[in-house]
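Chain by chain, the residues:
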Amino acid sequence: MFRRFFRWILRTVLIVVVLVAIVAISEHISHRVQPNSVLSVELDGTVVERASSSVLGLISKNETALNTLRNAIDKGAKDPKIVGLEIKVLNPEMELAQAQEIVALIKSFKSHGKWTEAYLETAGESGLGNTPFIVASAADEVSLMPQGDLNLMGVQLRELFLRGTLDWVGITPNFASAGQYKSAANMFMDKDYTPAQKEEDEGLAGSLYDQIVAAMGTERNLSPDTIKSLIDRAPINADDGLKARLVDRLEYEDQFTERVKNHGGSFHKEVDYTDYAREGLFYNLSGDQIAVIYGDGEIQRGGEGFDPFSGPDTTAMTSDDMTEAFKSARENDDVRAVILRVNSPGGSLLASELIDREVQLTAKKKPVVVSMSGYAASGGYLISIPAAKIIAEPGTITGSIGVLGGKFNVSPAMQKIYANTDAVSHGANVGMFDMWTDFTPAQYKQFQDEIARDYHYFLTLVADGRHISVEQADAVAQGRVWTGEQAIKLKLVDSLGGLDEAMAAAKGLARLAPDQPVGIIELPEQPGLLQSLSKGKVTALFTRRPAVQFVEPVIELIHAALSGHAIFSAAYCPVVPML
């Protein structure tokens, strides 16, 4: 009996070993790259921070995952079998900070003595095309489809004001804010710009415009004045773009591909970057590791948050998920440092504070470095404060250190359609949270005091984390939004760069050699297909369009104000630059 059981165990172990060996050999063959190959990158759809890591995860081809792109280009730069990089810029949607990070990746690849070619289908179709052009222009040569356009028309910040509409409908906004530039509620309270909001938007748009002009001029070897003149002439057709030296040649995608395959007179096999970036079976099983925790989307309290306006298959940044992620990284002895990758305009103040507490606890045990992507504003900035080092791209939208909150009174609107409501109440403030009454003067004063206390708490966090006085923090706060380029001058961030720079900083703080290989753990863990379907997330498989992006702040704030609590306190930034 014992011998039979032992033989069964032995056979099972042998079968498992053989299967693992077969998988390992298959992976080795599938990952084998021929000498003289070219890495092929296609940028299309929404640029997201992170791809699905599960074999059973929901997959959307109409997106570009920055983590996959970064892994492939960094790996290809060091691979002697990869001699070149082709970037097909088809129809990507990205923030300026994300474009700047991709440009840095391309430049890093070129610094290893390798050639790069870019194909641009069009830079903007019925919209602005600055970011696709900036990415393509980082290559050695840029090709444009003969019928493509160059919509390099500058930067616009457009605000929406709904006070007149609310008055007409009969909805009364009851809002308070701390910080003269904390303007998220202005869309409900005002009918036009306030002086402070206008000043803020002018400063932000000016900084983004200057960065775009500088990037285009540097990559195309044209003076800033020339670029500004071309911007004022745009949209520019393909022929005029070629004459203006904005592109190097006009050709179709098939012509571009054929030319790249025969670059320099020799044949180059194309290697798809998504396949090339995929790691092997035994990758990162042991040894020193760095955890990358993605804080992506609107900040919400609890778990299973869902943010359908942030792109395909995305969830909000929930306090439960982030708590679990930081606890996992904190208690894993192999994790030497943590990188918090933030791409969030903020959200619930309470949820932001819960996440901030986890960052604080982790920072006491091991180094934490923040890498800011497109947005790290308001609550997104709050959760970044405890880090040993904060790194942002020049185009990152950050700051917005302020608090707002309020509710809507919908009772007058309901009366217009002959609906009425009444209540029996015991307790002076029992109706303070409902959506059927305005604040009483005493309730509004109490609510303003609460907002002021939250703001002061925010300032103390900034002062402690950035090693400045509360007065100094207040001077650069007031709810004002800054670009990363502006923020570094105000000591709100430590340096400029992307996740590669954050990785170098994390290694340094963890006392690891710059060239020491480390495993990467990405958190929070992502759900598989069945789990996603059970939560209804499959309905989110669409690409965020500019029109949706423009109204997203309105939807987010209305959602918060009309949630089950009716009243809310938020650290949220509504600024959406059109690039």
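Criteria and thresholds
Residues numbered from 1 in each chain as written. Predicted model: local features only at pLDDT ≥ 70, side-chain atom pairs only at ≥ 80, totals over all residues. Heavy atoms only, no water. Helix = DSSP H or I, 4+ residues; strand = E, 2+ residues; numbered from the N terminus. Buried < 20%, exposed > 50% of the residue type's maximum accessible area, 1.4 Å probe, protein only. Areas by Shrake-Rupley, 256 points an atom, 1.4 Å probe, with all protein chains shown as cover. Salt bridge = Lys/Arg side-chain N within 4 Å of Asp/Glu carboxyl O. Phe/Tyr/Trp six-rings, centres within 6.5 Å; stacked < 30°, edge-to-face > 60°. Polar contact = N/O pair within 3.5 Å; in protein donor to acceptor, adjacent residues only side chain to side chain. Contact = heavy atoms within 4.5 Å. Pairing = 2+ DSSP bridges. Core = buried A, V, L, I, M, F, W, Y, C linked by side-chain atoms within 4.5 Å. pLDDT = per-residue confidence, 0-100. Axes fitted to C-alpha atoms, helices over the stretch in contact; angles between N-to-C directions. Parallel < 35°, antiparallel > 145°, perpendicular 65-115°, else oblique. Nonpolar A, V, L, I, M, F, W, Y, C, P; charged D, E, K, R; others polar. Expected span 1.5 Å × (residues − 1). Left-handed = near helix turned anticlockwise from the far one by under 90°.

### Re the overall build of the protein
Per the secondary structure count, the protein includes 21 helices and 23 strands. Burial statistics for the protein: of 579 residues in total, 51% are counted as buried. When the accessible surface of the protein is totalled, it reaches about 26,200 Å², and 55% of it is carbon and sulfur.

### Brief notes about unusual backbone geometry
A cis amide bond links Ala234 to the next residue, Pro235, at an omega of 10°. As for its position among the elements, Pro235 is in the loop between α8 (224-233) and β8 (236-237). Residue Pro524 is reached from Leu523 by a cis peptide bond, and omega for that bond is -5°. You can see Pro524 is positioned in the loop between β22 (519-523) and α20 (529-534). Of note, the phi angle at Arg511 is positive, near 60°, even though the residue is not glycine. By the secondary structure assignment, Arg511 is in the loop between α19 (499-509) and β22.

### Looking at the pattern of salt bridges
Here the structure, examined in full by the defined rule, presents 19 salt bridges. A salt bridge links Arg249 to Glu141; the nearest nitrogen and oxygen atoms lie 3.1 Å apart. Here the residue Arg249 occupies a position in strand β9 (residues 249-250), and Glu141 occupies one in strand β5 (residues 141-144), the gap between them amounting to 108 residues. Given the relative accessible area of 26%, Arg249 is considered partly exposed. Residue Glu141 is classed as partly exposed on the basis of its relative accessible area, which comes to 25%. Across the pair Arg259 and Glu141 runs a salt bridge, and its minimum N-O distance is 3.8 Å.

### Let's talk about the packing of aromatic side chains
Aromatic rings in a pair are described by how distant their centres are and how their planes are angled relative to each other. Taken as a whole, this structure holds 7 aromatic pairs when the rule is applied. Each ring, one from Phe175 and one from Phe408, has its centre 5.3 Å from the other, and the planes form 70°; the classification is edge-to-face. Pair noted here: Phe175 is in strand β7 (residues 172-178) and Phe408 is in strand β19 (residues 403-409), with a separation of 233 residues, a long-range link. Owing to a relative accessible area of 4%, Phe175 belongs among the buried residues under this scheme. Exposure remark for Phe408: the relative accessible area of 3% places this residue in the buried category.

### With respect to the side chain of Ser207
If you trace the backbone, Ser207 turns up in helix α7 (residues 195-220). Within the local environment of Ser207, its side chain forms a polar contact with the side chain of Thr483, the two groups lying 2.8 Å apart. Setting aside its immediate chain neighbours within four residues, Ser207 contacts Thr483, Glu485 and Gln486.

### As for the pairing of β19
Extensive coverage of β19 is indicated by the burial of 7 of its 7 residues. Burial of the side chains of β19 extends over both faces: Val403, Gly405, Lys407 and Asn409 are buried on one face and Leu404, Gly406 and Phe408 on the other. Two strands pair when backbone bridges link them, and β7 and β19 are joined in this way by 7 bridges, in the antiparallel orientation. Note that in β19 the partner of Ser177 across the bridge is Leu404.

### Details of the nonpolar core
Counting 60 residues, the largest nonpolar core has Leu150 and Leu246 as its most contacted members. Top contributing element to this core by residue count: helix α3 (residues 96-110), with 7 residues. Look past the residues within four positions of Leu246 in its chain and what remains in contact with it is Phe133, Leu150, Leu152, Arg220, Leu222, Ile227, Leu230, Ile236 and Gly241. Val335, Ile385, Phe458 and Leu461 belong to the second-largest nonpolar core, a separate cluster that totals 50 residues.

### So, the confidence of the model for the protein
Predicted confidence across the protein gives a mean pLDDT of 86, with 81% of residues reaching 70 or more. The element-level mean pLDDT for the protein is lowest in α20, coming to 49, with strand β17 (residues 389-392) highest at 98. In this model residues 23-30 is a low-confidence stretch, pLDDT under 50, and it forms 4 contacts with partners more than four residues away in sequence or in other chains. Low confidence marks residues 307-313, where pLDDT is under 50. Its contacts with residues over four positions away, or in another chain, come to 29 contacts.

### Some remarks on the pairing of strand β1 (residues 37-48)
For β1, the buried fraction is high: 10 of the 12 residues fall into the buried class. With 10 bridges connecting them, β1 and strand β3 (residues 82-93) associate as parallel partners. From the neighbouring strand, Leu43 faces β3, where its bridge partner is Val89. Of the strand pairs in this sheet, β1 and strand β10 (residues 270-272) are connected by 3 bridges, and their pairing is parallel. Paired with Ser40 across the strands is Asp272, a residue of β10.

### Concerning the packing of helix α12 (residues 319-331) against helix α13 (residues 349-363)
Where α12 meets α13, the axes come as close as 9 Å, and the angle between the chain directions of the two elements is 0°. As far as their axial angle goes, α13 and α12 are roughly parallel. Judged by residue contacts, Ser319, Met322, Thr323, Phe326, Lys327 and Arg330 of α12 engage Ala351, Leu354, Ile355, Glu358, Val359, Leu361 and Thr362 from α13. When grouped by side-chain class, the residues that make up the contact of α12 with α13 number 7 nonpolar, 3 polar and 3 charged.

### A few points about the environment of Ala205
Along the chain, Ala205 falls in helix α7. Sequence-wise, Ala205 and Leu157 are 48 residues apart; in three dimensions their C-alpha atoms are separated by 6.7 Å. If sequence neighbours within four positions are ignored, Ala205 has contacts with Val155 and Leu157.

### Here we look at α7
An ideal rise of 1.5 Å per residue puts 38 Å on 26 residues; α7 measures up with 37 Å between its terminal C-alpha atoms. In the segment just after α7, Asn221 is the residue with positive phi, at about 55°.

### Focus: the packing of α13 against helix α16 (residues 441-466)
In contact at an axis separation of 13 Å, α13 and α16 are set at 25° when each is read in the N-to-C sense. Of the possible angle classes, the one that applies to α13 and α16 is roughly parallel. Viewed along their axes, α13 and α16 form a crossing whose handedness is left-handed. Residue-level contacts link Leu349, Glu353, Asp356 and Gln360 of α13 to Asp454, Tyr457 and Leu461 of α16. Of the residues contributing to the contact of α13 with α16, the split by class is 3 nonpolar, 1 polar and 3 charged.

### A look at the side chain of Thr257
The residue Thr257 is located in helix α10 (residues 253-261) in this model. In this structure the side chain of Thr257 is engaged in a polar contact, spanning 2.8 Å, whose partner is the side chain of Lys88. Sequence-distant contacts of Thr257, defined by excluding residues within four places in its chain, comprise Lys88 and Glu270.

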